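Coordinates in review
Single-letter residue listing:
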Amino acid sequence: MKRIYYESWIAEVLLFFSYCETITVGPWVFTKLKETEVPQYVRNHECTHARQWTEMTLLTGLLLLVAVLAWGVSAWWFLVIPLLYYLWYGVEYVVRLCILRDGNKAYRAVSFEQEAYANEKYANYNENSAYFSWVKYLTE
Ligand SMILES: [Zn+2]
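Presented here is a report on the structure given in the accompanying data block. (Residues numbered from 1 in each chain as written. Predicted model: local features only at pLDDT ≥ 70, side-chain atom pairs only at ≥ 80, totals over all residues. Heavy atoms only, no water.)

**A short note on the overall build of the protein chain**
- Along the protein chain, the regular secondary structure elements total six helices and three strands.
- Start at the N end of the protein chain and walk to the C end: the helices and strands fall as β-α-β-β-α-α-α-α-α.
- The buried share among the 140 residues of the protein chain stands at 38%.
- Expressed as a percentage of contacts within the protein chain between residues at least 6 apart in sequence, the contacts between residues at least 24 apart total 54%.
- A gap of 3 Å separates the mean positions of the 12 positive and 14 negative side-chain charges of the protein chain. (Helix = DSSP H or I, 4+ residues; strand = E, 2+ residues; numbered from the N terminus. Buried < 20%, exposed > 50% of the residue type's maximum accessible area, 1.4 Å probe, protein only. Contact = heavy atoms within 4.5 Å. Lys, Arg positive; Asp, Glu negative; His and termini not counted. Charge placed at Lys NZ, Arg CZ, Asp CG, Glu CD.)

This is the structure in structure tokens:
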């Protein structure tokens, strides 16, 4: 499955006011750059976020499926599952911002970012990492 979209209009729109050139949305990576311009560590970093999103979405989907079948919870909740990764990210960022009182430090301290930055130089990290590896960074 294609995961990285180069010279993407989606990246142009989403990052219009940002200095960033690449963004991960769900399981896909969008970049303003040409394929030859994206360093491998950036691909690794963004693909780690795509993997994290997939893990969160699958797990919460399975848990919600159980809740729907066992307790009759409304199936409408399936619509919010793709957003839970971003909700978790946002809540963790705010908590860390309250503790660290520095936006950049809080961003780097989010468990998803810690995993992505710590392993972006390992070429085969996403192939060889365990599921939910970002969890171990929650307490760091
Ligand atoms: Zn990141």
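**Focus: the coordination of the zinc ion**
- Protein ligation of the zinc ion involves His45 (NE2), His49 (NE2), Glu113 (OE) and Glu113 (OE), the donor distances falling in the range 2.0 to 2.7 Å.
- Of note is the zinc ion, whose four donor atoms meet at the metal with angles of 53 to 154° in an arrangement that counts as irregular.
- Sequence positions of the donors to the zinc ion reduce to the motif H-x3-H-x63-E. Taken as a pair, His45 in helix α2 (residues 40-71) and Glu113 in helix α5 (residues 111-119) lie far apart in primary sequence, 68 residues in all. The residues His45 and Glu113 share a single accessibility class, namely buried. (Donors = N, O, S within 2.8 Å, 3.2 Å for Na, K, Ca; no water. Tetrahedral: all angles 85-135°; square planar, octahedral: opposite > 155°, others 65-115°.)

**Digging into the nonpolar core**
- Counting seven residues, the largest nonpolar core is built from Trp53, Met56, Tyr85, Tyr89, Val110, Phe112 and Trp134.
- Contributing elements (two or more residues each) for this core: α2 and α3 (84-100).
- The residues touching Phe112, leaving out its near neighbours within four places in the chain, are His49, Gln52, Met56, Tyr85, Trp88, Tyr89 and Trp134. (Core = buried A, V, L, I, M, F, W, Y, C linked by side-chain atoms within 4.5 Å.)

**With respect to the sheet that holds strand β3 (residues 28-31)**
- Spatial ordering of the open sheet is given by β1-β3-β2, a layout of three strands whose pairing is mixed. Unpaired on one side and paired on the other, β1 (4-5) and β2 (22-25) mark the two borders of the sheet.
- Of the strands in this sheet, β1, β2 and β3 are in contact with α2, which crosses β2 at around 20°. (Pairing = 2+ DSSP bridges. Axes fitted to C-alpha atoms, helices over the stretch in contact; angles between N-to-C directions.)

**A closer look at the packing of aromatic side chains**
- The final tally for this structure, using the stated rule, is ten aromatic pairs.
- Geometrically, the ring pair formed by Tyr85 and Tyr86 is edge-to-face, given 5.1 Å between the ring centres and 90° between the ring planes.
- A ring pair is formed by Tyr85 and Phe112, whose centres lie 4.4 Å apart and whose planes are at 40°; its orientation type is tilted. Here the residue Tyr85 occupies a position in helix α3, and Phe112 occupies one in helix α5, the gap between them amounting to 27 residues.
- Members of the aromatic cluster, each reached through a chain of ring pairs, are Tyr85, Tyr86, Trp88, Tyr89, Phe112, Phe132 and Trp134.
- Across the ring face of Tyr117, the terminal group of Arg108 is positioned such that the distance to the ring centre comes to 3.6 Å.
- Directly above the aromatic system of Tyr41 lies the positively charged group of Lys121, at a separation of 4.3 Å from the ring centroid. (Phe/Tyr/Trp six-rings, centres within 6.5 Å; stacked < 30°, edge-to-face > 60°. Lys NZ or Arg CZ within 6 Å of the ring centre and 35° of its normal.)

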